[in-house]
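Structural overview
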There are 2 protein chains.
Amino acid sequence: MQKTARKTGSEAAPVSRLPAHETIYRQLRALVLFGDLAPGQAVTIQGLCERLGAGMTPVREALRRLIAEGALELQGNRRVSVPLLDAGHVGELIFARQWLDPHLAERATARASMEDLRALTAIDNDLDRAILRGDMRGYLELNYRFHRRIYELADAPILADVADGLWLRFGPSLRVVCGRVGTQGLPDKHKDLLAAMRARDHQAAAEAIRADVVQGMEQVRQSLARAVRAD
Amino acid sequence: MQKTARKTGSEAAPVSRLPAHETIYRQLRALVLFGDLAPGQAVTIQGLCERLGAGMTPVREALRRLIAEGALELQGNRRVSVPLLDAGHVGELIFARQWLDPHLAERATARASMEDLRALTAIDNDLDRAILRGDMRGYLELNYRFHRRIYELADAPILADVADGLWLRFGPSLRVVCGRVGTQGLPDKHKDLLAAMRARDHQAAAEAIRADVVQGMEQVRQSLARAVRAD
DNA sequence: CAGGAATAAATTTGATCATATTCTGGGCGC
DNA sequence: GCGCCCAGAATATGATCAAATTTATTCCTG
């Protein structure tokens, strides 16, 4: 996906060659995905222009993109905000991921090279360290990268796109859960998944990822129900 | 061009107050969905500005949105084109719809009012007339509206969004199929589905929609394989 | 006279455009 | 064939216009 096709051997400035709307998009996406923007929070175009130090055209384009992906929503009249999920929405996300993630994990199990598995294991080890460190942001990023890597390995671009889009929808709420529970309370099934992938056991891989997804998403659902009750 | 609304006391123009980027998006979306743009065809911003009689900022925003939804793709350099599907992509779409559409149909069956069912039946009757008339564009639009209505009735906004996004991806190719086969060669299972929904038979509704989806998508896959062979 | 609701000014924010700048790709001369 | 240059297209800016929310005022009622 790197479009830094220079014919010169050394690339001194690979990042500045990216269009501004692309870099803005990535920054904004990270802001949503890792919870720097809270659910329900309103975002303004001009506020983002100042915050990210950019003109308004690139910001507007990035916003349209995020809105189309469901990461942001425009409420009634032209205002943009981070979506607030209710129990029904989380139920939809659970249903979707419970079907999508196992399928992609099966495909990834069939296709992953030893090198891929090593890289995946390395991410998971970093993830464990982030948990022990109590580094919530690191946990969120590495957990995302772990699942994202599996999507990429599945070699199914459309389904991977869909799965990736789902992450953008519950990212902000996941951050809220971590804020309540702490990183300790979020065990995962990554070890089971990695073992199954190494053994090329499709069935076990699908079951491991299903358990991981359900566990994490149910925690989001319950945390959300608790928030409503406390309201 | 629709700026006919004055700020005079009487509010006579409720609809024309839509932003330009929104109307541009809808026009462009229809262009993609109903095959006025062929797969592989390149689109230029300035060309669209002239074609739709709009400034370039709204066009750019609409394009970003369509690209994010997978309806268009930007190839390495900054050119934008209608995606060309291969067999693998169609396989992914079949897999996704085979799971998503039955689920949404089940939910719609549980929730649809008699009024909803009458409206759905009316759409299907119009669809039949379009087929008899040999009106391909009408067929494509009404078939889409039929399925789209079911998504809406399911009361699952996120899953409906995902399903809707899938349509944007195979819309152009569906048009190509119709161009080869003609409207006669595309029977559907809508009658079975409507009967099942009237009887509130979830199981039968899911099965009917599954058959409809598989039948239609397999035709796309085969037509596409034939195109490759002829290439 | 006080409280409140409706209305009108003001400010904030979004939408659009015209234009300047940068980048890509192709043609021409060497 | 290789490199330079030019046309065309995309990107990005800031100004300007319009809409919506907020704030302030006023008038009516109890």
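Preceding this paragraph is the structure being described.
First things first, this report covers the structure right here in the doc. (Residues numbered from 1 in each chain as written. Chains lettered and ligands numbered in written order. Predicted model: local features only at pLDDT ≥ 70, side-chain atom pairs only at ≥ 80, totals over all residues. Heavy atoms only, no water.)

1. A word on the overall build of chain A
Secondary structure assignment for chain A yields nine helices and three strands. Counting helices and strands in the order they occur from the N terminus, chain A gives α-β-α-α-β-β-α-α-α-α-α-α. At a minimum sequence separation of 6, the contacts of chain A that also span at least 24 residues come to 74%. For chain A, the computed accessible surface area is about 11,200 Å², with 50% contributed by carbon and sulfur atoms. (Helix = DSSP H or I, 4+ residues; strand = E, 2+ residues; numbered from the N terminus. Contact = heavy atoms within 4.5 Å. Areas by Shrake-Rupley, 256 points an atom, 1.4 Å probe, with all protein chains shown as cover.)

2. Structural notes on the protein's contact with DNA strand C
Around DNA strand C there are 20 residues in total, and Arg60(A), Ala20(B), Thr57(B), Asn77(B) and Arg78(B) lie nearest to it. Within 4 Å of the protein, atoms of DNA strand C come from sugar and phosphate in 73% of cases. Within the contact set of DNA strand C, a phosphate oxygen lies 3.0 Å away from a backbone nitrogen or oxygen of Ile45(A). At a separation of 3.0 Å, a base nitrogen of DNA strand C approaches a polar side-chain atom of Gln46(A). Residue classes in the surface near DNA strand C are distributed as seven nonpolar, six polar and seven charged. (Near = heavy atom within 4 Å. Polar contact = N/O pair within 3.5 Å; in protein donor to acceptor, adjacent residues only side chain to side chain. Nonpolar A, V, L, I, M, F, W, Y, C, P; charged D, E, K, R; others polar.)

3. Looking at the sheet that holds strand β2 (residues 73-75) of chain A
Residues and elements named next belong to chain A. Strands sit in the order β1-β3-β2 across an open sheet of three strands; the sheet is antiparallel. A single partner strand is all that each edge strand has here, and the edge strands are β1 (42-43) and β2. In the sheet, β1 pairs with strand β3 (residues 79-81) via two bridges, with the strands oriented antiparallel. When the bridges of β3 are listed, Val 43 appears paired with Val 80. (Pairing = 2+ DSSP bridges.)

4. Some points on the packing of helix α6 (residues 136-153) of chain B against helix α7 (residues 157-181) of chain B
Residues and elements named next belong to chain B. The N-to-C vectors of α6 and α7 enclose an angle of 160°; their axes lie 11 Å apart at closest approach. With respect to each other, α6 and α7 are oriented roughly antiparallel. Of the two possible hands of crossing, α6 and α7 adopt the one that is right-handed. Taking contact as the criterion, the partners of Met 136, Tyr 139, Leu 140, Asn 143, Tyr 144, His 147, Arg 148 and Tyr 151 in α6 are, on α7, Ala 160, Ala 163, Asp 164, Trp 167, Leu 174, Arg 175, Cys 178 and Gly 179. (Axes fitted to C-alpha atoms, helices over the stretch in contact; angles between N-to-C directions. Parallel < 35°, antiparallel > 145°, perpendicular 65-115°, else oblique. Left-handed = near helix turned anticlockwise from the far one by under 90°.)

5. Remarks on the environment of Ala20(A)
Inspection of the secondary structure assignment puts Ala20(A) in helix α1 (residues 20-33). The spacing of Ala20(A) and Pro58(A) is 38 residues in sequence and 6.1 Å in space, taken between C-alpha atoms.

6. Examining the relation of the copies chain B and chain A
Superposing chain B onto chain A takes a rotation of 180° plus a shift of 0.1 Å along the axis, which leaves an RMSD of 0.1 Å. The superposition operator between the copies reduces to a two-fold rotation axis. A shared binding surface is used by both copies, with 85% of the interface residues of chain B retained as interface residues in chain A. (Least-squares fit on C-alpha atoms with pLDDT ≥ 70 in both.)

7. Focus: the interface of chain B and chain A
The interface is formed by 26 residues belonging to chain B together with 24 residues belonging to chain A. Roughly 2,600 Å² is buried in total at the junction of chain B and chain A, and carbon and sulfur atoms are behind 66% of that figure. The largest per-residue losses of area from chain B upon contact with chain A belong to Glu92(B), Trp99(B) and Ile158(B), which jointly make up 26% of the total buried on that side. The interface formed by chain B and chain A contains six salt bridges. For Glu61(A), the salt bridge goes to Arg64(B), with nearest N and O atoms at 2.5 Å. Where chain B packs against chain A, one counts 12 residue pairs in polar contact (both at pLDDT 80 or more). (Buried area = accessible area lost by both parts, 1.4 Å probe. Salt bridge = Lys/Arg side-chain N within 4 Å of Asp/Glu carboxyl O.)

8. Focus on the protein's contact with DNA strand D
With respect to spatial proximity, 17 residues lie near DNA strand D, and among them Ala20(A), His21(A), Thr57(A), Arg17(B) and Arg60(B) are the closest. Each atom of DNA strand D within 4 Å of the protein belongs either to a base or to sugar and phosphate, the latter forming 72%. Within the backbone of Ile45(B), one N or O atom sits 3.3 Å away from a phosphate oxygen of DNA strand D.

9. Regarding the packing of aromatic side chains
Applying the stated criterion to the full structure yields nine aromatic pairs over all chains. With 5.4 Å between their ring centres and 15° between their planes, Trp99(A) and Phe95(B) make a pair best called stacked. Here the residue Trp99(A) occupies a position in helix α4 (residues 87-111), and Phe95(B) occupies one in helix α4 (residues 87-111), the pair thus bridging two chains. You can call Phe95(B) partly exposed: its relative accessible area is 27%. When the ring of Trp99(A) is compared with that of Trp99(B), the centres are 3.5 Å apart and the planes differ by 5°; the resulting orientation is stacked. Taken as a pair, Trp99(A) in helix α4 and Trp99(B) in helix α4 lie in two separate chains rather than in one. (Phe/Tyr/Trp six-rings, centres within 6.5 Å; stacked < 30°, edge-to-face > 60°. Buried < 20%, exposed > 50% of the residue type's maximum accessible area, 1.4 Å probe, protein only.)

10. Focus on the pattern of salt bridges
All names here are of chain B. With the rule as written, the count across this model stands at 40 salt bridges over all chains. In this structure, Glu 115 and Arg 118 form a salt bridge, with 3.1 Å as the shortest nitrogen-oxygen distance. With Glu 115 and Arg 118 both in helix α5 (residues 114-133) and three residues apart, the pair spans about one turn of that helix. You can call Glu 115 partly exposed: its relative accessible area is 49%. Residue Asp 126 is joined to Arg 129 by a salt bridge in which the shortest nitrogen-to-oxygen separation is 2.6 Å. Separated by three residues within a single helix, Asp 126 and Arg 129 lie in helix α5, roughly one turn from each other.

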